[in-house]
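One-letter residues, chain by chain:
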Amino acid sequence: MDMQAITLARAVLAAARRPVVLTGAGMSAESGVPTFRDALTGLWSNFDPERLASPEGFAADPPLVWGWYSERRRGVLRAQPNAGHLALARAAAYFEQFPIVTQNVDGLHARAGSLDVLELHGNILRTKCFGECGFRCDDPKDLPAGEPPACPRCGQWLRPDVVWFGELLDAVLLERAEQLAQCCDVMLVVGTSGVVYPAAALPGRARRAGAQVIIVNPHPSELDDQAHLLIRDTAARALPMLFEPA
Ligand code: OAD
């Protein structure tokens, strides 16, 4: 544990007036939810994203894609928020606003008690219509594991309510995330490789607008150049030390 970086980051966060947190898959790694790009254990090292996480892949083989997401959904429902999620949820009490912009679809920030969470890439526990009718469903219970169910409104397939490759992010959420990056005074970036845009552009935007950027990641990431402070440790180990009384 790099105590010097932790001590400096604690001071920066203690003085923050408008902090923003940006999280990626590494945030939930210690909850047992696999990341995407870690060698060997990452989902994209074992599965083809074009087949499993794109509208074309779903159209080509709906049961394959639905089955893969059903398996991941079960994993997410079994997972518990880790000490990092809980530390962020508690940290909100110290600030007027404590928004968390997340690329994660697992809902663990909300389950840990965080109230202001922007899920940029959707939520795996929700489903929506693969067609145009706009049907959405929040209840993950009773979803079949084999074929995707039919949309109760229009009869099309239902699909997970996550953002797939080639799809646009929700424009309202993205605009708020960009505004937060523009106006924050500290951005705490946790557990992201920084290769998927537009989320990966947020730390650079915050830095150019004058914010201090703190990164928590045990490994190098594409965002390291943007960091004023780099904490080379895991989310569950580092985050409690950043906010809690010494
Ligand atoms: P990645 O899998 O690309 O990166 C995970 C990052 O977490 C890496 O930089 C790891 O070093 C780091 N990491 C691993 N364990 C950690 C731990 N315990 N604590 C802190 N950090 C740790 O995941 P993302 O950057 O989130 O998109 O990937 C971005 C997007 O790519 C995802 O949202 C997903 C994927 O395709 C969609 O599903 C739309």
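Calculation notes
Residues numbered from 1 in each chain as written. Predicted model: local features only at pLDDT ≥ 70, side-chain atom pairs only at ≥ 80, totals over all residues. Heavy atoms only, no water. Core = buried A, V, L, I, M, F, W, Y, C linked by side-chain atoms within 4.5 Å. Buried < 20%, exposed > 50% of the residue type's maximum accessible area, 1.4 Å probe, protein only. Helix = DSSP H or I, 4+ residues; strand = E, 2+ residues; numbered from the N terminus. Contact = heavy atoms within 4.5 Å. Disulfide = S-S within 2.5 Å. Near = heavy atom within 4 Å. Polar contact = N/O pair within 3.5 Å; in protein donor to acceptor, adjacent residues only side chain to side chain. Areas by Shrake-Rupley, 256 points an atom, 1.4 Å probe, with all protein chains shown as cover. Nonpolar A, V, L, I, M, F, W, Y, C, P; charged D, E, K, R; others polar. Domains from an automatic or database assignment. Buried area = accessible area lost by both parts, 1.4 Å probe. Salt bridge = Lys/Arg side-chain N within 4 Å of Asp/Glu carboxyl O. Phe/Tyr/Trp six-rings, centres within 6.5 Å; stacked < 30°, edge-to-face > 60°. Lys NZ or Arg CZ within 6 Å of the ring centre and 35° of its normal.

1. Considering the nonpolar core
Core analysis: the biggest nonpolar cluster contains 25 residues, and L88, L188, I231, L239, L242 and F243 have the highest contact counts within it. Of all the elements in the fold, those that place two or more residues in this core are helix 1 (3–14), helix 6 (83–91), strand 7 (186–190), strand 8 (212–216), strand 9 (229–231) and helix 10 (235–243). Sort the elements by how many residues they give to this core and helix 10 lands first, with five residues. Not counting residues up to four positions away in its chain, the partners in contact with L188 are V20, V21, L22, L88, I214, V216, L239, L242 and F243.

2. A word on unusual backbone geometry
Residue P198 is bonded to the preceding Y197 through a cis peptide linkage, with omega at 10°. Mapped onto the fold, P198 is located in the loop between strand 7 and helix 9 (202–208).

3. Quick word on the state of the cysteines
Using the criterion set out here, one finds zero disulfides in the structure. Lacking any disulfide linkage, C151 is separated from the closest cysteine sulfur, that of C133, by 3.6 Å. Given a relative accessible area of 4%, C151 falls into the buried group. In this structure C183 is a free cysteine whose sulfur lies 8.0 Å from that of C184, the closest cysteine sulfur available. Classification of C183 as partly exposed rests on a relative accessible area of 48%.

4. Considerations on the site of the ligand
Lining the immediate surroundings of the ligand are 23 residues, of which F36, R37, T192, S193 and N217 lie closest. Between G26 and the ligand, the recorded distance is 3.3 Å, taken from a backbone N or O atom to a nitrogen atom. In isolation the ligand offers 800 Å² of accessible surface; the protein chains occlude 93% of this area. Along the lines of polarity and charge, the residues of the shell around the ligand split into nine nonpolar, eleven polar and three charged. Inspection of the shell around the ligand shows a minimum of three residues originating in each of domain 1 (1–31 + 81–121 + 169–246) and domain 2 (34–78 + 122–162).

5. Brief notes about the domain arrangement of the protein chain
If you check the domain split of the protein chain, you get domain 1 (1–31 + 81–121 + 169–246) and domain 2 (34–78 + 122–162). Between the C-alpha centres of domain 1 and domain 2 the distance comes to 26 Å. Summed over both partners, the interface of domain 1 with domain 2 buries about 940 Å², with 52% contributed by carbon and sulfur atoms. Summed over the shared surface of domain 1 and domain 2, the number is one salt bridge. In this structure, E119 engages R126 in a salt bridge whose closest nitrogen and oxygen atoms are separated by 3.8 Å. The interface formed by domain 1 and domain 2 includes four residue pairs in polar contact (both at pLDDT 80 or more). For the side of domain 1 that touches domain 2, the class distribution of residues is six nonpolar, six polar and three charged.

6. Digging into the pattern of salt bridges
Taken as a whole, this structure holds nine salt bridges when the rule is applied. Across the pair R74 and E71 runs a salt bridge, and its minimum N-O distance is 2.7 Å. On the criterion of helical spacing, the pair formed by R74 and E71 is a turn pair, its members being three residues apart in helix 5 (residues 62–78). Here R74 falls in the partly exposed class, since its relative accessible area comes to 39%. Assessed through its relative accessible area of 43%, E71 is described here as partly exposed. Residues D233 and R237 are paired through a salt bridge, measuring 2.7 Å at the closest nitrogen-oxygen approach. Linked through salt bridges whose partners overlap, the residues forming this network are E119, R126, K128, R136 and D161.

7. Points about the packing of aromatic side chains
A full pass over the atoms with the stated rule returns ten aromatic pairs. Measuring from ring centre to ring centre gives 6.1 Å for W44 and F165, while their planes differ by 55°; the resulting arrangement is tilted. Of this pair, W44 sits in helix 2 (residues 43–46) while F165 sits in the loop between strand 6 (158–162) and helix 8 (171–183); the two residues are 121 residues apart in sequence, bridging distant segments of the chain. Overall, the relative accessible area of 33% leaves F165 in the partly exposed class. Note on W68 and Y69: the rings are 5.1 Å apart at their centroids and 85° apart in plane angle, and the pair reads as edge-to-face. For Y69, a relative accessible area of 3% translates into the label buried. Taken together, the ring pairs in this structure connect F36, W44, F47, F58, W68, Y69, F130, W164 and F165 into an aromatic cluster. The cationic tip of R73 hangs over the ring face of W66; the distance from NZ or CZ to the ring centre is 4.9 Å. Geometry around W164 places R159 over its ring, the cationic atom sitting 3.8 Å from the centre.

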